[in-house]
Amino acid sequence: MTAIKCSIIIRSFNEEKHIGQLLVGIQKQTLYRDIEVILVDSGSTDRTVEIAKQFGVKIVNIRPENFSFGRAINVGCEAATGEFLLFASAHVYPLYTDWVQKMIAPFKNDKVALVYGRQVGNDLTKYSEHQLFKKWFPAVSNYEQSIPFCNNANAVIRKELWQKQPYDVQLTGLEDLDWATKIQAEGYQIAYEAYAPIVHVHEETPSRIKNRYRREAIALKNIYPEEKFSFWSFIRLTNSNIWSDAVHAIHEKKFFKEFSSIIMFRTLQFWGTYLGYNGKSKPDETLRMRMYYPNDFRKKLFQRREAESHQGFGEAINYADLDYSLDDKK
């Protein structure tokens, strides 16, 4: 039997709207026969798992209360058999059929430990996030990157290195940056591949935007304890980025259409960052659940946990096996 070259690990929670497009994109890859696809699901209540099963995906479940980004990746890596472990968010999809091939190619250099690919938005992407994608994921590749920046929405690592250094399960985000920082300190290289782009779809409410940057700031404070973010930093960065985005929008003749979105996104981005830097370094379970899951799901989860304790069950409930229906969410 031919060894699996690459395992694609997808973390998911209620991604029925997008995951089909990702899985179709994977099927169309030129290396498809050498690809293993693993879905690490943390309690989806919609058709995410059902859709994945239709594509023959290997399903691995993780209890919602045990979720962290690092733990979910570790669970997927443990189940994977590939030489290379490619991570993809459930709300991304590749633009080209050689996406996997391009992502793996830089590993011809034995010193490369991690490759991350370009990310772009679509018509649902907020204007300011388009600007972030352009800044963080340029059109030019860099196979000897000097800084540990990367992003696990579109990244691949060597499994043998993950076995030596798993992802930090305590971080509330930026587990990719933490892993890259540590592996770079061991003398390995990080490569950026501009010719392996994916579309990253973020359909976030204002509160989820603030929440994302808050938990990432908490994580960054733990990775780099010397970093600070004051209220003055919030004021300065909010205003400078609103100004920069506005100038770009004027040049693109989108100012009146996008200006309110620019103000909203940039204000919440840096307010969330400020809250994260100046809050708890080690959030408790309640705060972590608030960061990871929407209100209706948290309410349902805690109700089930209360029922479990009242009934005195001997074994913990496997939430992925419960009969959730779409009507329950309404």
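Preceding block: the structure.
Calculation criteria
Residues numbered from 1 in each chain as written. Predicted model: local features only at pLDDT ≥ 70, side-chain atom pairs only at ≥ 80, totals over all residues. Heavy atoms only, no water. Helix = DSSP H or I, 4+ residues; strand = E, 2+ residues; numbered from the N terminus. Buried < 20%, exposed > 50% of the residue type's maximum accessible area, 1.4 Å probe, protein only. Contact = heavy atoms within 4.5 Å. Areas by Shrake-Rupley, 256 points an atom, 1.4 Å probe, with all protein chains shown as cover. Salt bridge = Lys/Arg side-chain N within 4 Å of Asp/Glu carboxyl O. Axes fitted to C-alpha atoms, helices over the stretch in contact; angles between N-to-C directions. Nonpolar A, V, L, I, M, F, W, Y, C, P; charged D, E, K, R; others polar. Left-handed = near helix turned anticlockwise from the far one by under 90°. Pairing = 2+ DSSP bridges. Phe/Tyr/Trp six-rings, centres within 6.5 Å; stacked < 30°, edge-to-face > 60°. Right-handed = clockwise from strand over helix to strand, strands pointing away. Polar contact = N/O pair within 3.5 Å; in protein donor to acceptor, adjacent residues only side chain to side chain.

1. Re the overall build of the protein
Helix and strand counts for the protein stand at 12 helices and 9 strands. Every one of the 330 residues in the protein was classed for burial, and the buried ones make up 52%. The contacts in the protein between residues at least 6 apart in sequence include a share of 80% that link residues at least 24 apart. When the accessible surface of the protein is summed, it comes to about 16200 Å², and 52% of that surface belongs to carbon and sulfur atoms.

2. Examining unusual backbone geometry
With phi around 50°, Asn-14 is a residue other than glycine that occupies positive phi space. Its location among the elements puts Asn-14 in the loop between β1 (6–12) and α1 (19–27). Residue class for Asn-14 comes out partly exposed when judged on its relative accessible area of 23%. One non-glycine residue, Lys-253, lies in the positive phi region at around 60°. In this structure, Lys-253 sits in the loop between α9 (231–251) and α10 (255–277).

3. Here's the deal with the pattern of salt bridges
Pairing of side chains with opposite charge becomes possible as their charged atoms draw close. Taken as a whole and judged by the stated rule, the model has 11 salt bridges. Notably, a salt bridge pairs Lys-17 with Glu-203, separated by 3.0 Å at the nearest N-O pair. Residue Lys-17 is found in the loop between β1 and α1, and its partner Glu-203 is found in the loop between β9 (189–200) and α8 (206–223); the two are separated by 186 residues along the sequence. For Glu-203, a relative accessible area of 41% corresponds to the partly exposed category. A salt bridge links Glu-252 to Lys-254, with the shortest nitrogen-to-oxygen separation between them at 3.9 Å. Ionic contacts of the salt-bridge type, sharing partners, join the residues Glu-129, Glu-204 and Arg-212 into one network.

4. Quick look at helix α5 (residues 127–136)
Within the span of α5, buried status applies to Tyr-127, Ser-128, Glu-129, Gln-131, Leu-132 and Phe-133. The inward-facing, buried residues of α5 contact β6 (112–120), β9, α8, α9 and α10.

5. Looking at α1
Since the α-helix turns once every 3.6 residues, residues separated by three or four places project in the same direction. By the burial criterion, the buried members of α1 are Ile-19, Gly-20, Leu-22, Leu-23, Gly-25 and Ile-26. Buried residues along α1 sit in contact with β1, β2 (35–41), α2 (48–54), β4 (84–89), β5 (92–94) and α4 (99–104).

6. Topic: the packing of α5 against α10
Contact geometry of α5 with α10 gives a least axis separation of 7 Å together with a crossing angle of 65°. Counted together, Tyr-127, Ser-128, Glu-129, Gln-131 and Leu-132 of α5 and Glu-258, Ser-261, Ile-262, Phe-265, Arg-266 and Gln-269 of α10 form the full contact between these two elements. Looking at the contact of α5 with α10 residue by residue, the class counts come to 4 nonpolar, 4 polar and 3 charged.

7. Some thoughts on the packing of α8 against α10
Helix packing for two helices is described by the angle between their axes and how far apart those axes are. The interhelical angle for the contact between α8 and α10, taken along N-to-C directions, is 35°, at an axis separation of 7 Å. Both α8 and α10 take part in a crossing whose hand is right-handed. Residues Pro-206, Ile-209, Lys-210, Arg-212, Tyr-213, Arg-214, Ala-217, Ile-218, Leu-220 and Lys-221 of α8 form the contact with α10, whose participating residues are Met-264, Phe-265, Leu-268, Gln-269, Trp-271, Gly-272, Thr-273, Leu-275, Gly-276 and Tyr-277.

8. Points about the pairing of strand β8 (residues 154–158)
When you tally the buried positions in β8, you get 5 out of 5 residues, the bulk of the element. Here 5 bridges tie β4 to β8, and the two strands are oriented antiparallel to one another. When the bridges of β8 are listed, Phe-84 appears paired with Arg-158. Where β6 meets β8, 3 bridges bridge the pair, whose relative direction is antiparallel. Residue pairing in the sheet places Tyr-116 in a bridge with Ala-155 of β8.

9. Description of the packing of aromatic side chains
For any pair of aromatic rings, geometry is given as the distance between the ring centres together with the angle between the planes. For the structure shown, the criterion picks out 18 aromatic pairs. Ring centres of Phe-133 and Phe-137 lie 6.2 Å apart, and the angle between their planes is 50°; this geometry places the pair in the tilted category. Relative to Tyr-277, the ring of Phe-229 lies with its centre 5.7 Å away and its plane at 20°, an arrangement referred to as stacked. Taken together, the residues span a long stretch of sequence, with Phe-229 in the loop between α8 and α9 and Tyr-277 in helix α10 at a distance of 48 residues. Each member of the pair, Phe-229 together with Tyr-277, is buried. Clustering of aromatic rings is evident, with ring pairs tying together Tyr-116, Phe-133, Trp-136, Phe-137, Phe-149 and Tyr-192.

10. A word on the pairing of β1
Counting buried residues in β1 gives 7 out of 7 residues, a clear majority hidden from the surface. Here β1 shows two buried faces, one formed by Cys-6, Ile-8, Ile-10 and Ser-12 and the other by Ser-7, Ile-9 and Arg-11. Relative to β2, β1 runs parallel, the two sharing 7 bridges. Across the sheet, the residue bridging to Ser-12 is Asp-41, located in β2. The parallel pair β1 and β2, bridged by α1, forms a crossover whose chirality is right-handed. Here 6 bridges tie β1 to β4, and the two strands are oriented parallel to one another.

11. Looking at the environment of Asn-241
Mapping Asn-241 onto the fold places it in helix α9. Among all residues touching Asn-241, those that are not within four sequence positions of it are Arg-266 and Phe-270. Looking at Asn-241, its side chain comes within polar contact range of the main-chain oxygen of Leu-237, at 2.8 Å.

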